[in-house]
Amino acid sequence: MSTIAIRPATAADLDRITEIYADAVMHGTSSYELEPPSRAEMGDRFDALVAGGFPYLVADKNGVVLGYAYAGPLRPRPAYRFVVEDSVYVAPEAKGQGVGSALMQALIETARAAGFRQIIAVIGDGHADSASVRLHEKLGFRHSGRLEGSGYKHGRWLDTVFMQLSLNGGAALPPDPDSLPERRFRGLKGN
């Protein structure tokens, strides 16, 4: 029996990542995009996140990418530098097999190790039985807000739910000067 490996994404994974996201855009409500981005656009997004030192992971089983997750900046203003927004997408044939959970657990640990203080989930169509809401609750995220009727897709209005997970002491401790967000902010090099 083969297992699912969680590993950093590479440019070689982008064709499959683009396919998985296109399915989510066309058939789902978690993304508020209405047209799937091109492979080139997905490559630009990937390159920007990786260049910024943000985690971008894939779930791989026997060389096949079953899903991906990344954490990127919540907002561009520098005071937000300790906060990331997570995204997780799973291929239709892999849903319900623990792929999203494995990706998110690894993403949380990667964000924690980098020194981020908060992970925000911005969940489209965030109703109570949404798989994404349930996954984030299971991983310790707390509800922190809702935008009612904030998206219109597939012929209906959708709510956006915000969920939040504190890391590394959250707002209770001062920033770690050696964390990735602080090093980037101060323009220092190193891991």
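Rules behind the numbers
- Residues numbered from 1 in each chain as written.
- Predicted model: local features only at pLDDT ≥ 70, side-chain atom pairs only at ≥ 80, totals over all residues.
- Heavy atoms only, no water.
- Phe/Tyr/Trp six-rings, centres within 6.5 Å; stacked < 30°, edge-to-face > 60°.
- Axes fitted to C-alpha atoms, helices over the stretch in contact; angles between N-to-C directions.
- Helix = DSSP H or I, 4+ residues; strand = E, 2+ residues; numbered from the N terminus.
- Parallel < 35°, antiparallel > 145°, perpendicular 65-115°, else oblique.
- Left-handed = near helix turned anticlockwise from the far one by under 90°.
- Contact = heavy atoms within 4.5 Å.
- Nonpolar A, V, L, I, M, F, W, Y, C, P; charged D, E, K, R; others polar.
- Salt bridge = Lys/Arg side-chain N within 4 Å of Asp/Glu carboxyl O.
- Buried < 20%, exposed > 50% of the residue type's maximum accessible area, 1.4 Å probe, protein only.
- Core = buried A, V, L, I, M, F, W, Y, C linked by side-chain atoms within 4.5 Å.

A.B. asks: Mind showing me how you'd approach the packing of aromatic side chains here?
C.D. replies: Here a ring pair, both rings aromatic, is described through the centre-centre distance and the interplanar angle of the planes. Taken as a whole and assessed by the stated rule, the structure comprises 8 aromatic pairs. Among the aromatic residues, those joined into a ring-pair cluster are Tyr21, Phe46, Tyr56, Tyr68, Tyr70 and Tyr89.

A.B. asks: Just checking my understanding: could you explain the packing of helix 3 (residues 99–114) against helix 4 (residues 131–138) for this structure?
C.D. replies: Helix-helix packing is described using two parameters, namely the angle between the two axes and the distance between the axes. As a packed pair, helix 3 and helix 4 sit with axes 11 Å apart at the nearest point and diverge in direction by 45°. Between helix 3 and helix 4, the angle falls in the class oblique. As for how helix 3 packs across helix 4, the hand of that crossing is right-handed. Residues Gly100, Ser101 and Met104 of helix 3 pack against Leu135, His136 and Lys138 of helix 4. Partitioned by chemical class, the residues of the contact of helix 3 with helix 4 number 2 nonpolar, 3 polar and 1 charged.

A.B. asks: Help me out: how do you make sense of the pattern of salt bridges in this one?
C.D. replies: Two side chains carrying opposite charge are able to pair once their charged atoms lie near each other. This structure, assessed with the given rule, holds 12 salt bridges. In this structure, Arg81 engages Glu182 in a salt bridge whose closest nitrogen and oxygen atoms are separated by 2.6 Å. Of this pair, Arg81 sits in the loop between strand 3 (64–73) and strand 4 (83–90) while Glu182 sits in helix 5 (residues 180–186); the two residues are 101 residues apart in sequence, bridging distant segments of the chain. Here Glu182 falls in the buried class, since its relative accessible area comes to 3%.

A.B. asks: Explain the nonpolar core here, please?
C.D. replies: In terms of nonpolar packing, the biggest core is built from 46 residues, with Ile17, Tyr68, Met104, Ile108 and Phe141 touching the most fellow members. If you tally residues by element for this core, the top one is helix 3, at 7 residues. Beyond its immediate sequence surroundings of up to four residues, Phe141 is in contact with Asp86, Met104, Ile108, Ile119, Ala121, His136, Met163, Gln164 and Leu165.

By themselves these figures say nothing about function.
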